[in-house]
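Chain by chain, the residues:
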Amino acid sequence: GDSVTQMEGPVTLSEEAFLTINCTYTATGYPSLFWYVQYPGEGLQLLLKATKADDKGSNKGFEATYRKETTSFHLEKGSVQVSDSAVYFCALNDFGNEKLTFGTGTRLTIIP
Amino acid sequence: EAQVTQNPRYLITVTGKKLTVTCSQNMNHEYMSWYRQDPGLGLRQIYYSMNVEVTDKGDVPEGYKVSRKEKRNFPLILESPSPNQTSLYFCASSSSGQATDTQYFGPGTRLTVL
């Protein structure tokens, strides 16, 4: 079946540091890939997505590229801010599955 | 404002006392779904609905019921809650349920079953 493996947390970085959160996936079909963010006390919000190989999703300075050859969708940001502190979820939606399959989440804390 | 709403946001109940968590969306979406979030497990799908009167089981449906009588509403029913259903619950919707669609999530309902 489908699965998503993402970097174990928690991750703590200083403000303006470079961020990478690794995500790899296993899918039987050709999935769409997503990063969702959950700020404290809130629901999940879509951060970015990519629907085919080599697509790059980007939003709010975050980027991730759909790499079919390595089955990966790593999240990156060049300079993090305190306001980026949240839990980040990598997810996939495979054709015919009618659901999102999530990773376990990575808690990110940015210190000033 | 386009949104998914859930009520209640917080609920503490006792074993065996039936409860309903409501979910409503104002985006005219065909697809709706319920997930539960547990530490170390991410989110797992409970039930989903592709349209009115069409529902199907997700990965963890045991102990839950749903109904889809109207397009905008998708309530989650726990007929006899048990402590292992203590969790954070999210409702989500998308325009058609296709793999490329973005799913929009509600704010969550934190349920504690004593």
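Structure's up top.
Residues numbered from 1 in each chain as written. Chains lettered and ligands numbered in written order. Predicted model: local features only at pLDDT ≥ 70, side-chain atom pairs only at ≥ 80, totals over all residues. Heavy atoms only, no water.

J.: In this structure, what is going on with the overall build of chain A? I would like to understand it.
T.: Within chain A, the secondary structure is distributed over zero helices and 12 strands. Along chain A, helices (α) and strands (β) appear in the sequence β-β-β-β-β-β-β-β-β-β-β-β when read from the amino end. Oriented by its inertia axes, the alpha-carbon framework of chain A measures out at about 45 × 30 × 20 Å. Classification of the 112 residues of chain A by burial places 47% in the buried group. Intrachain contacts of chain A at a sequence separation of at least 6 include 55% that bridge at least 24 residues. Element-wise, carbon and sulfur atoms account for 48% of the exposed surface of chain A, whose accessible area totals about 5100 Å². (Helix = DSSP H or I, 4+ residues; strand = E, 2+ residues; numbered from the N terminus. Buried < 20%, exposed > 50% of the residue type's maximum accessible area, 1.4 Å probe, protein only. Contact = heavy atoms within 4.5 Å. Areas by Shrake-Rupley, 256 points an atom, 1.4 Å probe, with all protein chains shown as cover.)

J.: Help me understand the state of the cysteines in this model?
T.: Disulfide: a covalent bond formed between the sulfur atoms of two cysteine residues. Residues and elements named next belong to chain B. With the rule as written, the count across this model stands at two disulfides over all chains. Disulfide pairing is shown between Cys23 and Cys91; the S-S distance is 1.8 Å. Linking Cys23 and Cys91, the disulfide has an S-S dihedral of approximately -70° and is accordingly described as left-handed. Placement of the pair is Cys23 in strand 3 (residues 19-25) and Cys91 in strand 9 (residues 87-94), with a sequence separation of 68 residues. Residue Cys23 is classed as buried on the basis of its relative accessible area, which comes to 3%. (Disulfide = S-S within 2.5 Å.)

J.: Could you clarify how one ought to interpret the pattern of salt bridges in this entry?
T.: Note that side chains of opposite charge can pair when their charged atoms are close. For the coordinates displayed, the defined rule picks out eight salt bridges over all chains. With a shortest N-O distance of 3.5 Å, A:Lys52 and A:Asp55 are connected by a salt bridge. A:Lys52 sits in the partly exposed class, given a relative accessible area of 46%. B:Lys65 is the partner of B:Glu79 in a salt bridge, and the nearest nitrogen-oxygen pair spans 2.9 Å. (Salt bridge = Lys/Arg side-chain N within 4 Å of Asp/Glu carboxyl O.)

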